[in-house]
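Observations on the model geometry
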Number of protein chains: 6
Amino acid sequence: MNNLVKSPSESITVMNELVLPNDTNTLNNLMGGRLLHWMDIVAAITGQKHSGKIVVTASVDSVSFGKCIKLGDVVTLEAKVTRAFNTSMEIHIVVWAENIPSGEKFKSNEAYYTFVSLDRNGTPVKAPELKPETEDEQKKFEGALRRRQLRLILAGKMKPDEATELKALFLPD
Amino acid sequence: MNNLVKSPSESITVMNELVLPNDTNTLNNLMGGRLLHWMDIVAAITGQKHSGKIVVTASVDSVSFGKCIKLGDVVTLEAKVTRAFNTSMEIHIVVWAENIPSGEKFKSNEAYYTFVSLDRNGTPVKAPELKPETEDEQKKFEGALRRRQLRLILAGKMKPDEATELKALFLPD
Amino acid sequence: MNNLVKSPSESITVMNELVLPNDTNTLNNLMGGRLLHWMDIVAAITGQKHSGKIVVTASVDSVSFGKCIKLGDVVTLEAKVTRAFNTSMEIHIVVWAENIPSGEKFKSNEAYYTFVSLDRNGTPVKAPELKPETEDEQKKFEGALRRRQLRLILAGKMKPDEATELKALFLPD
Amino acid sequence: MNNLVKSPSESITVMNELVLPNDTNTLNNLMGGRLLHWMDIVAAITGQKHSGKIVVTASVDSVSFGKCIKLGDVVTLEAKVTRAFNTSMEIHIVVWAENIPSGEKFKSNEAYYTFVSLDRNGTPVKAPELKPETEDEQKKFEGALRRRQLRLILAGKMKPDEATELKALFLPD
Amino acid sequence: MNNLVKSPSESITVMNELVLPNDTNTLNNLMGGRLLHWMDIVAAITGQKHSGKIVVTASVDSVSFGKCIKLGDVVTLEAKVTRAFNTSMEIHIVVWAENIPSGEKFKSNEAYYTFVSLDRNGTPVKAPELKPETEDEQKKFEGALRRRQLRLILAGKMKPDEATELKALFLPD
Amino acid sequence: MNNLVKSPSESITVMNELVLPNDTNTLNNLMGGRLLHWMDIVAAITGQKHSGKIVVTASVDSVSFGKCIKLGDVVTLEAKVTRAFNTSMEIHIVVWAENIPSGEKFKSNEAYYTFVSLDRNGTPVKAPELKPETEDEQKKFEGALRRRQLRLILAGKMKPDEATELKALFLPD
């Protein structure tokens, strides 16, 4: 049932949410934690579709929040697998917000979450490899190595001077 | 009412949560997004206590999840301000999980969230400065500069070769 | 900002939901009312995107539920405007369910909801007309008249013998 | 424990709900999907009381929403079995809304939901027959045949020209 | 609009709730706090119907929980005003639980909550007086004085030796 | 794993909650039932930590609510075991509310909840004894006998003239 290789388009997942009162603070702004929760759900569904297994969140890369999303706005989240590493998958999530009466729509933020696929006993199992198809998918597939090194360093599992891929990040463009 | 300088102990916040069925996946593991949501709430309360203002989440640093937290576990979250930068505050959150019948208790993970304090019109306002007191608080206060540079680089707002503080991270210990 | 004519593809909305414990009965089946609620939300978002206004549910056509959706399944809902009638819009929703570990995926059900677009004072306002593009959209656009007559009869607002369009339904194919 | 014949009064169920912020849109109107959800719950309880079994929703007949119900209103729902058909039961729900400070109270809408009773393995089991007692119960009991034919036609399981009972609906009163 | 005198039957309120997974602990027992929350809601609706005003909870008398209510049970709550004291009303709530497949039904517990009626500015306003009609209503009406003295003593607002009514409680029957 | 004697500080539990829209009535006041629910959760966690077992609520002593807590306020709850009686534990909860922009902070109320500790089959099991350490803990430990007699009388399980401890309550200070 699990193909050995899958493309990102086979598991892409879109989710739309209405910002309800309990999702907001007293200034009627969407709380960041609520958005992180939605991002986790849409990415978990993507990871489940890609792996055909239950998945658990292994890590979240840094996320920055820009313009406030308001009560009543429609939030659209889109999640795509960017690369699989044995039992784990890196998933990219983009978030847009749309205010209906004003017609304003803007990209709110984006993030990378990593998930591990598990069998019914909770043991990690191999996920299908990812075959990028578009140019953007190829670029994110390559960048995944660099982001993985940064995660390992930040988690104290790799020494910075071993992170050969990451050094590109610290050189001016 | 807002003192110009406050210590971390004036706004430290503890939250305990029971892991309920809706917080878990079908393997009875706490979903990562739910935990990110709780971390945001406890940190937002800390930021509100420190600044005496409503706060919004500006960013979340990378978070990694280790051992699974299970249905029925008690999750304890503790949040402390580590440094204030004009209108923003960096807040450190530590998460423990405890399984009552087995007596097992472990540190699940930790993270840094950044918040901006706002007045009633939603305009950023200056937060009180932080005066670290313990050795650990002093260490986190100093590390805050380095983490801030990493955030700016990851958000594309600073060039890596300008990040003088961050370079320490890439030198072997 | 409101164009006078819009195509269905301009407001199509997709929503994915994980079936959580509180959504199910003690046999672990998704409760019908929860699904009706999700269908209303995805259709309301579609209606808001089409009209650029806040919308309220005016009616739901009969819905039948087939095979049970289970705890942990991924539910995918897709909503499209089928026709606009002055201030109201008919919206078609299709629901699929997918069980990840087994790989089973099936169409659960479909329905038509009707919404009215409102201005900020709650007064009904004209919605853009719908211009169907595909063959299926054209067929649903035409059937909308018949369904509308059935709704009016069932609500006691039209006499059955005046329902010229509806009579087609009662003739053998 | 399951009597073969039961009256509607043995399983009539009343539910009162307060309209809370998360149940409303940005105009403070109760969302239709939330009401459909409550209607399903009260009707499911009625079906469980009548059958003494777990029940699942099989279908919902068309529902129209009239006057908006507002934030803070008290919603009263009353559900009664109208007829049993082997393993399924038709249940009628009436909804009232009451605004406390103004004292205004109105009937919001009504609907018919159909449920199937299941044993612990999820297999449909026979429900007790219904014995109507009042004149209104008798009228609804008789109309149930006609509504059932309409459901079968709309679900594509009966040809309109076979629906002998339903033809009465298409003749002027 | 507010009559000066009302009978208990004019505001009696019934609520039925299904015990869902999030309402239970890991032994599948309904958590006491959830039941206290439901009791507050049904009693608040009763208080609103009696007073025609928004109400807030002023106190809860001691409540004891007996036999455990289980996941999937139907909980029925019935609330009735027992006496009005100027701006406050004492409300009696009785709770039953029913397990559908087993057919077991039992009275779970009962309690007295007290509410204060408020105008739109949050200022306490006089509630209509209560006119008991049945023998049981008359008995509860009389006992209300004694319970009120106990509340005042327990809240430190009355000295025990002034509680003339309460002394009856401490004499053997 | 269960020590025979524990001090209150070994299981003290603090919980912080933000008052969200769904927790309030239309005057933006926190509903009493919601607070009773939070008090039950924090006390249940304390009882679980003290006994190392799952616990169920056995009773709640009378609670009075004073000043209204408002939307957006931070509610802090602290729970401590005051005495263990064989399989049951009395737990004291104190509640504070803090309004951030105004800086106002006040003690809202306090209460005693009683819990029973259960093994995995739901059978009551002995809880560790409590050893009070501070003067306040000693005073509450002694008062627990008196409160227990009042509970037994109110539940109809003890005759008032047998309540030797309770009589102290009815003598002027």
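In what follows, the structure referred to is the one given above.
Conventions and cut-offs
- Residues numbered from 1 in each chain as written.
- Chains lettered and ligands numbered in written order.
- Predicted model: local features only at pLDDT ≥ 70, side-chain atom pairs only at ≥ 80, totals over all residues.
- Heavy atoms only, no water.
- Least-squares fit on C-alpha atoms with pLDDT ≥ 70 in both.
- Contact = heavy atoms within 4.5 Å.
- Pairing = 2+ DSSP bridges.
- Helix = DSSP H or I, 4+ residues; strand = E, 2+ residues; numbered from the N terminus.
- 1 Å grid on protein atoms, 1.4 Å probe; cavity = no way out; pocket = protein on both sides within 12 Å on 5 of 7 lines; lining within 4 Å.
- Points joined across faces, edges and corners; volume = space filled by probe spheres on them.
- Nonpolar A, V, L, I, M, F, W, Y, C, P; charged D, E, K, R; others polar.
- Buried area = accessible area lost by both parts, 1.4 Å probe.
- Salt bridge = Lys/Arg side-chain N within 4 Å of Asp/Glu carboxyl O.
- Polar contact = N/O pair within 3.5 Å; in protein donor to acceptor, adjacent residues only side chain to side chain.
- Axes fitted to C-alpha atoms, helices over the stretch in contact; angles between N-to-C directions.
- Parallel < 35°, antiparallel > 145°, perpendicular 65-115°, else oblique.

Re the relation of the copies chain E and chain F
- In the superposition of chain E on chain F (RMSD 0.0 Å, axial shift 0.0 Å), the rotation amounts to 180 degrees. Overall, the copies show the geometry of a two-fold rotation axis. For chain E, the minimum C-alpha distance to the rotation axis belongs to E:Ser62 and amounts to 2.2 Å.
- Taken together, the interface assignments show that 100% of the residues at the interface of chain E recur at the interface of chain F, consistent with an identical surface on both copies.

Concerning the sheet that holds strand β3 (residues 54–60) of chain C
- On the basis of which strands lie adjacent, the open sheet formed by six strands has the order β2(C)-β5(C)-β6(C)-β7(C)-β3(C)-β4(D) and antiparallel pairing. The sheet terminates laterally at β2 (13–18) of chain C together with β4 (63–64) of chain D, the two strands that pair on one side only.
- In this sheet, strand β6 (residues 88–98) of chain C lies alongside strand β5 (residues 74–85) of chain C in antiparallel orientation, the contact comprising 11 bridges. In the sheet register, C:Val74 faces β6(C), and the bridge partner there is C:Glu98.

Re empty space enclosed by the protein
- With the rule as written, the count across this model stands at two cavities of 30 Å³ or more.
- As for the second largest cavity, its lining consists of A:Leu18, C:Asp40, C:Ala44, C:Gln48, C:Val55, C:Val56, C:Thr57, C:Phe115, D:Asn25, D:Leu30, D:Met31 and D:Gly32.
- Counting residues per element, the ones that place at least two in the lining of the second largest cavity are α1 (32–51) and β3 of chain C.
- Residue classes in the lining of the second largest cavity are distributed as seven nonpolar, four polar and one charged.

Concerning the interface of chain E and chain F
- At the junction of the two partners, chain E supplies 40 residues and chain F supplies 40 residues.
- Where chain E abuts chain F, roughly 3,200 Å² becomes buried across the two surfaces, and 70% of that area is made up of carbon and sulfur atoms.
- The interface formed by chain E and chain F includes zero salt bridges.
- The interface formed by chain E and chain F includes six residue pairs in polar contact (both at pLDDT 80 or more).
- Mapped by element, the contributors of at least two residues to the side of chain E that touches chain F are α1 (32–51), β3 (54–60), β4 (63–64), β7 (105–118) and α2 (135–154) of chain E.
- With seven residues, the single largest contributor to the side of chain E that touches chain F is β3(E).
- Its residues placed into classes, the side of chain E that touches chain F shows 23 nonpolar, 11 polar and six charged.

What about the packing of helix α1 (residues 32–51) of chain A against helix α1 (residues 32–51) of chain B?
- The N-to-C vectors of α1(A) and α1(B) enclose an angle of 175 degrees; their axes lie 8 Å apart at closest approach. The orientation of α1(A) relative to α1(B) falls into the category roughly antiparallel. Where α1(A) abuts α1(B), its residues A:Gly32, A:Gly33, A:Arg34, A:Leu36, A:His37 and A:Asp40 lie against B:Gly32, B:Gly33, B:Arg34, B:Leu36, B:His37 and B:Asp40.
- Residues of the contact of α1(A) with α1(B), tallied by class, amount to two nonpolar, six polar and four charged.

Considering the interface of chain D and chain C
- Residue-level contacts link 40 residues of chain D with 39 residues of chain C.
- Of the roughly 3,200 Å² buried between chain D and chain C, counting both surfaces, carbon and sulfur atoms make up 70%.
- Where chain D meets chain C, there are zero salt bridges.
- Summed over the shared surface of chain D and chain C, the result is six residue pairs in polar contact (both at pLDDT 80 or more).
- At the level of elements, α1 (32–51), β3 (54–60), β4, β7 (105–118) and α2 (135–154) of chain D are the ones that each hand at least two residues to the side of chain D that touches chain C.
- Considering each element in turn, the side of chain D that touches chain C owes the most residues, seven residues, to β3(D).
- When grouped by side-chain class, the residues that make up the side of chain D that touches chain C number 23 nonpolar, 11 polar and six charged.
- The pairing of strand β4 (residues 63–64) of chain C with β3(D) spans two bridges and is classified as antiparallel.

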